[in-house]
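Descriptive analysis of the structure
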Amino acid sequence: MVGKKPITLASEDSTYSHYGLHLIYPWRQAREELEPQGLGCTPFLTGPPECFGAEGRLAYKLFRDLFANYTSALRPVADTDQALNVTLEVTLSQIIDMDERNQVLTLYLWIRQEWTDAYLRWDPDAYGGLDAIRIPSSLVWRPDIILYNKADAQAPASASTNVVLRHDGAVRWDAPAITRSSCRVDVSAFPFDAQRCGLTFGSWTHGGHQLDVQPRGAAASLADFVENVEWRVLGMPARRRVLTYGCCSEPYPDVTFTLLLRRRAAAYVCNLLLPCVLISLLAPLAFHLPADSGEKVSLGVTVLLALTVFQLLLAESMPPAESVPLIGKYYMATMTMVTFSTALTILIMNLHYCGPSARPVPAWARALLLGRLARGLCVRERGEPCGQSRPPESSPSPQPPDREAGPPAGPCHEPRCLCHQEALLRHVATITNTFHRHRAAQRCHEDWKRLARVMDRFFLGIFFSMALVMSLLVLVQAL
């Protein structure tokens with residue numbers, strides 16, 4: 001027979017070859033097992049080893065008979081117009097990496113392919129009841145099923161695993177594989193996002209009329225899955241499609257396994273979200289600080305700088321995308337709120353420090369803000385009960401001294417008459433007018449300070465409510 005090479009034993013543990021099949025047989029171990037039973041091994045052989053048992057000789061004979069005229073280059077079908085059915089089964093073992101920036105998913109899979117080889121059949125009774133053998137997969141025909149959305153630049157390499165060949169021609173090929181597939185990552189709900197990554201398997205050269213791919217079961221198996229610390233697997237359903245591409249007229253069937261993932265957000269909530277929530281709740285307290293403390297604006301600026309640092313940390317871990325993630329929107333809304341609160345704090349401090357030369361509080365502001373709003377927010381003076389505000393006082397105008405009530409004009413001969421104290425009365429009137437003007441300016445200044453306290457209390461409630469509502473809306477997503 002052409003290509004047949006004799007088997008030659010070169011040493012006690014040697015390698016022999018037959019029809020391109022390389023086997024290593026432990027002659028020393030076989031002799032130690034067979035000599036106590038009175039059986040020995042022939043030192044040099046030119047055919048199958050005589051020390052093989054009956055099952056080994058039958059398997060050797062079966063292998064020789066099956067592959068005498070077999071070729072792995074053609075589809076193993078009796079009729080060339082008949083499509084070969086291939087059943088595909090995928091078992092997810094581990095999620096190695098999810099690269100959101102490059103949108104590449106790396107998985108460790110166990111891939112099982114089953115088909116029927118019309119030229120590899122035998123009668124088990126003719127070979128001592130031998131109904132299955134395991135041989136290297138490179139000796140038989142294998143379907144060229146590859147991952148369509150492969151994201152690896154290297155050429156696909158065939159796994160050097162054995163196939164299980166049964167007497168009815170059924171071939172089962174189990175091979176492990178590390179796949180790197182492209183996956184469109186949507187980070188709009190980060191860190192509470194869910195991803196759908198598809199893995200599409202199909203034949204590269206055989207159309208649907210030559211090779212038909214069918215999934216085994218409705219989904220991939222997760223029985224041996226190793227839990228991932230960042231992603232939780234919700235399922236991996238399978239779906240068969242038949243597509244027609246522009247290059248070819250015949251249809252091409254494929255099987256798509258869609259991996260459903262949900263991110264475990266606990267680490268992101270503790271490291272990125274909770275600090276921002278606490279800082280955002282701290283920002284409105286700047287309105288509660290006394291204006292004389294001098295730290296109102298400093299607190300707002302400090303909070304704004306802290307949020308900027310967290311925003312930079314978030315930007316480093318997020319891939320560039322068209323849609324802004326949920327946590328990014330929360331950061332921007334919080335920074336905008338802190339910016340406005342700092343600006344309003346500056347305006348309120350300007351009201352607080354209005355000098356004596358400032359104009360009086362307008363009538364509408366006195367009635368609306370110092371009246372109704374002050375009572376509603378319980379902004380009161382010392383000793384004033386909550387819900388009652390100090391009635392607005394009108395500043396008394398200075399009155400000149402009443403000359404009609406004094407002594408009559410003209411010369412007076414009484415030595416103790418008040419007419420002789422007219423200069424003193426004018427000085428007293430001047431002092432009284434100055435005191436009234438000072439009281440009026442001081443009262444005006446107090447009105448502006450009280451108006452600033454009312455505005456502080458009002459914006460404290462507004463911004464604290466906004467920060468609380470925004471924080472609750474984001475934290476509810478984690479439940």
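Residues numbered from 1 in each chain as written. Predicted model: local features only at pLDDT ≥ 70, side-chain atom pairs only at ≥ 80, totals over all residues. Heavy atoms only, no water.

1. Side note on the side chain of R75
To keep it simple, the criterion reads: A helix here means a DSSP run of H or I that spans at least four residues, while a strand means a run of E at least two residues long, and both kinds are numbered starting from the N terminus. Pairing of N or O atoms within 3.5 Å defines a polar contact, subject to two protein rules: one partner must be a possible hydrogen donor and the other a possible acceptor, and residues neighboring in sequence count only if both atoms are side-chain atoms. The contact criterion used is simple: two residues touch if any of their non-hydrogen atoms lie within 4.5 Å.
Tracing the chain through its elements places R75 in the loop between helix 2 (54–66) and strand 3 (84–99). Within polar-contact distance, the side chain of R75 engages the backbone oxygen of Q210 at 2.8 Å. When sequence neighbours within four positions are dropped, the list of residues in contact with R75 reads T80, Q82, A83, L84, Y119, W141, H206 and Q210.

2. Describing the nonpolar core
Defined as follows: Nonpolar cores are built from buried Ala, Val, Leu, Ile, Met, Phe, Trp, Tyr and Cys residues. Side-chain atoms within 4.5 Å join them into one set. Here's how the labels work: a residue is buried when its accessible area is under 20% of the maximum for its type, exposed when over 50%, partly exposed in between, all with a 1.4 Å probe on protein chains only. Annotation comment: domain bounds sourced from an automatic or database domain assignment.
By size, the foremost hydrophobic cluster in this structure holds 95 residues, and its most contacted members are F67, F201 and F257. No other element matches helix 7 (residues 422–476), which puts 12 residues into this core. When residues of this core are assigned to domains, at least three map to each of domain 1 (56–263) and domain 2 (269–366 + 427–478). In contact with F257, not counting residues within four places along its chain, are L88, V90, C197, G198, L199, F201, A220, M236, P237 and A238.

3. A look at the UniProt feature "transmembrane region" (unreviewed entry) in the protein
How we decide: UniProt positions are given in the numbering used here, feature names are shortened, and annotations may be inferred rather than shown by experiment.
Using the residue numbers shown here, the UniProt feature "transmembrane region" (unreviewed entry) corresponds to residues 265–287, 299–318, 330–349 and 458–478. With 74% helix and 0% strand, residues 265–287 has its two end C-alpha atoms placed 33 Å apart. This span, residues 330–349, is 100% helix and 0% strand, and a straight line between its end C-alpha atoms measures 28 Å.

4. Focus on the packing of aromatic side chains
Any two aromatic rings considered together are summarised by their centre-to-centre distance and by the angle between their planes. Going by this rule: Only Phe, Tyr and Trp rings are paired, with Trp represented by its six-membered ring, and only when their centres lie within 6.5 Å; those with planes under 30 degrees apart are stacked, over 60 edge-to-face, the remainder tilted.
Under the defined criterion, the tally for this structure stands at 11 aromatic pairs. Taking the centre distance of 6.0 Å and the plane angle of 65 degrees together, the rings of Y245 and Y252 count as edge-to-face. Note on F287 and F463: the rings are 5.5 Å apart at their centroids and 25 degrees apart in plane angle, and the pair reads as stacked. You can see F287 sitting in the loop between helix 3 (266–282) and helix 4 (296–317) and its partner F463 sitting in helix 7, a full 176 residues away along the chain. The buried category is assigned to F287, whose relative accessible area is 3%. The buried category is assigned to F463, whose relative accessible area is 7%. Every member of this aromatic cluster is reached through a ring pair, and the members are F287, F458, F459 and F463.

5. A look at the environment of L370
As for its position among the elements, L370 is in helix 6 (residues 363–376). Each C-alpha atom, one on L370 and one on M455, is 9.8 Å from the other, the two residues being 85 residues apart in sequence.

6. Examining the sheet that holds strand 4 (residues 104–116)
Condition: Pairing between strands is defined by DSSP: at least two bridges between them are needed. Fitted lines through C-alpha atoms serve as axes, helices being fitted only where they are in contact, and the angles separating the N-to-C directions of these axes extend from 0 to 180 degrees.
One open sheet accounts for six strands, arranged 5-7-8-4-3-10; its pairing is mixed. Looking along the sheet, the strands with just one partner apiece sit at the ends: strand 5 (132–136) and strand 10 (211–215). Shown here is a sheet whose adjacent strand axes are inclined to one another by a mean of 30 degrees, direction ignored. As paired elements, strand 4 and strand 8 (residues 170–182) share 13 bridges and run antiparallel to each other. Residue pairing in the sheet places I111 in a bridge with A175 of strand 8.

7. Looking at helix 4
Put simply, the test is: Expected span, for any helix, means 1.5 Å times one less than how many residues it has. The reported arc concerns the directions from the helix axis to the C-beta atoms and nothing else.
End to end, helix 4 covers 33 Å across 22 residues, agreeing with the expected 32 Å (1.5 Å per residue, within 8%). Every buried residue belonging to helix 4 is among K296, G300, V303, L307, F310 and L314, and all of these are buried. Down the axis, helix 4 shows its buried residues gathered within 90 degrees of arc, on one side only. Projecting away from the buried face of helix 4 at angles above 90 degrees are the exposed residues L305, L312 and E316.

8. Observations concerning the side chain of S471
As for its position among the elements, S471 is in helix 7. S471 has contacts with V277, S280 and Y330, leaving out every residue within four places of it along the chain.

9. Details of helix 3
Condition: Two axes enter the bend calculation: one fitted to the seven residues ending at the residue in question, the other to the seven starting there, and the bend is the angle between them.
In this model helix 3 runs 23 Å from its N-terminal to its C-terminal C-alpha over 17 residues, within 8% of the 24 Å that 1.5 Å per residue would give. Roughly 40 degrees is the biggest bend found in helix 3, and it falls at L273, with proline P275 one to four residues downstream. Every buried residue of helix 3 is listed here: Y268, V269, L272, L273, C276, V277, I279 and S280.

10. Some details on the pairing of strand 4
Where strand 3 lies against strand 4, 11 bridges are found, and the strand directions are antiparallel. If you follow L92 over to strand 4, its bridge partner there is L109. Linkage of strand 3 to strand 4, two consecutive antiparallel strands, is achieved through a turn of four residues, within which Q103 is found at a positive phi near 55 degrees.

11. Re the packing of helix 3 against helix 5 (residues 326–352)
The line we're drawing: Between 65 and 115 degrees an angle is taken as roughly perpendicular, under 35 as roughly parallel, over 145 as roughly antiparallel, and anywhere else as oblique. Left-handed describes a crossing whose near helix is turned anticlockwise from the far helix by less than a right angle; the clockwise case is right-handed.
Here helix 3 crosses helix 5 at 20 degrees, and the two axes come no closer than 11 Å. The orientation of helix 3 with respect to helix 5, classified from their angle, is roughly parallel. Of the two elements, helix 3 crosses helix 5, and the hand of that crossing is left-handed. The segment helix 3 lies against helix 5, with L272, L273, C276, V277 and S280 engaging I327, Y330, Y331, T334 and M337.

12. Structural notes on the pairing of strand 9 (residues 194–203)
Looking down a regular strand, the side chains alternate between one sheet face and the other. With respect to burial, strand 9 is a largely interior element, seven of its 10 residues being buried. Alignment of strand 6 (residues 145–147) against strand 9, held across three bridges, turns out to be antiparallel. Counted as the bridge partner of I146 is G202 from strand 9. Bridge count between strand 9 and strand 13 (residues 252–263): nine bridges; the pairing is antiparallel.

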